[in-house]
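Commentary on secondary and tertiary structure
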Amino acid sequence: MFLKERYESEELKVLKALNTRMVLSEKEKQYYLNLQKGFEGEVMFDGYLQQITMQSYILNDLLLEQNHSHFQIDSLMIIQRLSYLFEVKNFEGEYYFEGDTFKTINGNEVKNPLLQLDRNVSLLRQFFNSSGIKIPIEPYLVFVNPEFTLYHAPLNRKIILPTNLNRFIHQLNNQQTTLNHQHVRLSEKLLASHITKSPFSKVPHFEYSQLRKGVFCQKCGTGMVEYHSHILTCPKCGKPVNTKSALVQSIEDYQVLYPSEKLSTNTIYEWTGDLFPKRTIRQTLKENLIVSGYGQWSYYE
Ligand SMILES: [Zn+2]
C-alpha cells in the first residue's frame, strides 16, 4: 500500500519549463536530463511495487535530515519485521564494479551507487535510533533499465538487476506479514519528518526577459506558430497537441517558474506569445480555478 506517492520534484519541473524557454548550459542540460531519467526509473520501479500484494507500507521519495545531513530515499517499504530501502538507478549500458569504484565499460568512473546506499542506510538507522524505532533495514540497489548490464557484481551486496525484478517481487509476495499500530506510528513519523523543500536544488538563474515566450512542442521544443481551434501541430516534427492541454501546460510552467506571481489573462497572453485569443485564456483560467478550488491556481482576474 502506497502511503506516499512520487511526483516530479519542483526542481525537475522548473528545469523542464526552462529547458524549452532558454538555452541551458551543457552542464545544466545534462543535470536536467539525469534528473528526468532518474525520475522515470523510479516511476518504472513503482510499477513493480504496485504488484506487491502482501501487507506493507510503501513511502516513496522521502527527504529526511539526520545530524544536519540530508538524505533522500527513493522507496522505503515497511513490512512486519523489517524495512526495505530501495535505491533505484536508471542506468543504461554496460557497467562494472572494481573494488570501491563503479565504472562504465569504457573505464570511466561514475559515482558508486553502493556508497550512496551505504550513506543512506547509516543515516536512516541513526534516524530510527534517535526516534526510538527498532526495525532492521535491508538495503537494495535496484537497476531498472532493461538496457542495463552489470559485470562483476559484488556477491555480498543486494543488487537487483532488471532481469531479477519480477522474481524479486514474487519472492516478496510469498512472505506472510501483518502490520500493526507500531508500523503505522513509524510511517507517520517518517511522513511528518519529510522535508518538502530540497536543499540540493541546482536551478540556474533566469530573468523573465530572457525567456522565450510562446507554446512549445513537448517532443522537440519547437515553438508553435499557428492556432487552429482544437489542435496545435508542431511545425518541425508534426506532433499534434490538444490546444487546451498545451495552454494548461503553459500556465503550469508559468506557475512553476513564478509561484508567487498573480495569474491573469494578460500575463498568460504574453507568456504564450500571443498565440491564443484572450477569451480562450480567460475561459481556461476560469475552468481550472473552478476545478482546482483552493488549489494551486489561487489567483485569477
Ligand atoms: Zn515538435
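Just so you know, these numbers come straight off a predicted model, no measurement behind them. (Residues numbered from 1 in each chain as written. Predicted model: local features only at pLDDT ≥ 70, side-chain atom pairs only at ≥ 80, totals over all residues. Heavy atoms only, no water.)

Applying the stated criterion to the full structure yields 21 aromatic pairs. Where F143 meets F148, the ring centres are 4.1 Å apart and the plane angle is 10°; that geometry is what we call stacked. Of note, K213 hangs over the ring of Y208, and the distance from its end group to the ring centre comes to 4.2 Å. Geometry around Y269 places K278 over its ring, the cationic atom sitting 4.8 Å from the centre. (Phe/Tyr/Trp six-rings, centres within 6.5 Å; stacked < 30°, edge-to-face > 60°. Lys NZ or Arg CZ within 6 Å of the ring centre and 35° of its normal.)

Distances from the zinc ion to its protein donors, C217 (SG), C220 (SG), C234 (SG) and C237 (SG), fall at 2.3 Å. Between the 4 donor atoms coordinating the zinc ion, the angles at the centre fall across 102 to 116°, so the site counts as tetrahedral. Sequence spacing of the donors to the zinc ion: C-x2-C-x13-C-x2-C. One end of the pair, C217, is in the loop between α5 (181-193) and β11 (231-233); the other, C234, is in the loop between β11 and β12 (240-242), and 17 residues separate them in sequence. Like C217, the residue C234 is buried in the burial classification. (Donors = N, O, S within 2.8 Å, 3.2 Å for Na, K, Ca; no water. Tetrahedral: all angles 85-135°; square planar, octahedral: opposite > 155°, others 65-115°. Helix = DSSP H or I, 4+ residues; strand = E, 2+ residues; numbered from the N terminus. Buried < 20%, exposed > 50% of the residue type's maximum accessible area, 1.4 Å probe, protein only.)

Moving on: the packing of helix α2 (residues 26-49) against helix α4 (residues 165-173). For any two helices packed against each other, the geometry is given by the interaxial angle and the distance between the axes. It is the contact of α2 with α4, at a shortest axis distance of 10 Å, that shows an interaxial angle of 40°. What the angle tells us is that α2 and α4 run oblique. Relative to α4, α2 is oriented so that their crossing is right-handed. Contacts from F45, Y48 and L49 in α2 reach L165, N166 and I169 in α4. Grouping the amino acids of the contact of α2 with α4 by side-chain chemistry returns 5 nonpolar, 1 polar and no charged. (Axes fitted to C-alpha atoms, helices over the stretch in contact; angles between N-to-C directions. Parallel < 35°, antiparallel > 145°, perpendicular 65-115°, else oblique. Left-handed = near helix turned anticlockwise from the far one by under 90°. Contact = heavy atoms within 4.5 Å. Nonpolar A, V, L, I, M, F, W, Y, C, P; charged D, E, K, R; others polar.)

One open sheet holds the 4 strands; their spatial order is β7-β6-β5-β9, and the pairing between them is mixed. Sheet topology places β7 (109-110) and β9 (148-151) at the edges, where each strand pairs with a single neighbour. Looking at chain direction, strand β5 (residues 93-98) and strand β6 (residues 101-104) are connected through 4 bridges and run antiparallel. Across the sheet, residue E98 finds its bridge partner in β6, namely T101. (Pairing = 2+ DSSP bridges.)

Below, the discussion takes up the packing of helix α3 (residues 113-130) against α5. Where α3 meets α5, the closest approach of the two axes is 12 Å, and the angle between their N-to-C directions is 115°. On the basis of their axis angle, the class for α3 and α5 is roughly perpendicular. The interaxial crossing formed by α3 with α5 has right-handed handedness. Residues L124, F127 and F128 of α3 pack against L186, K189, L190 and S193 of α5.

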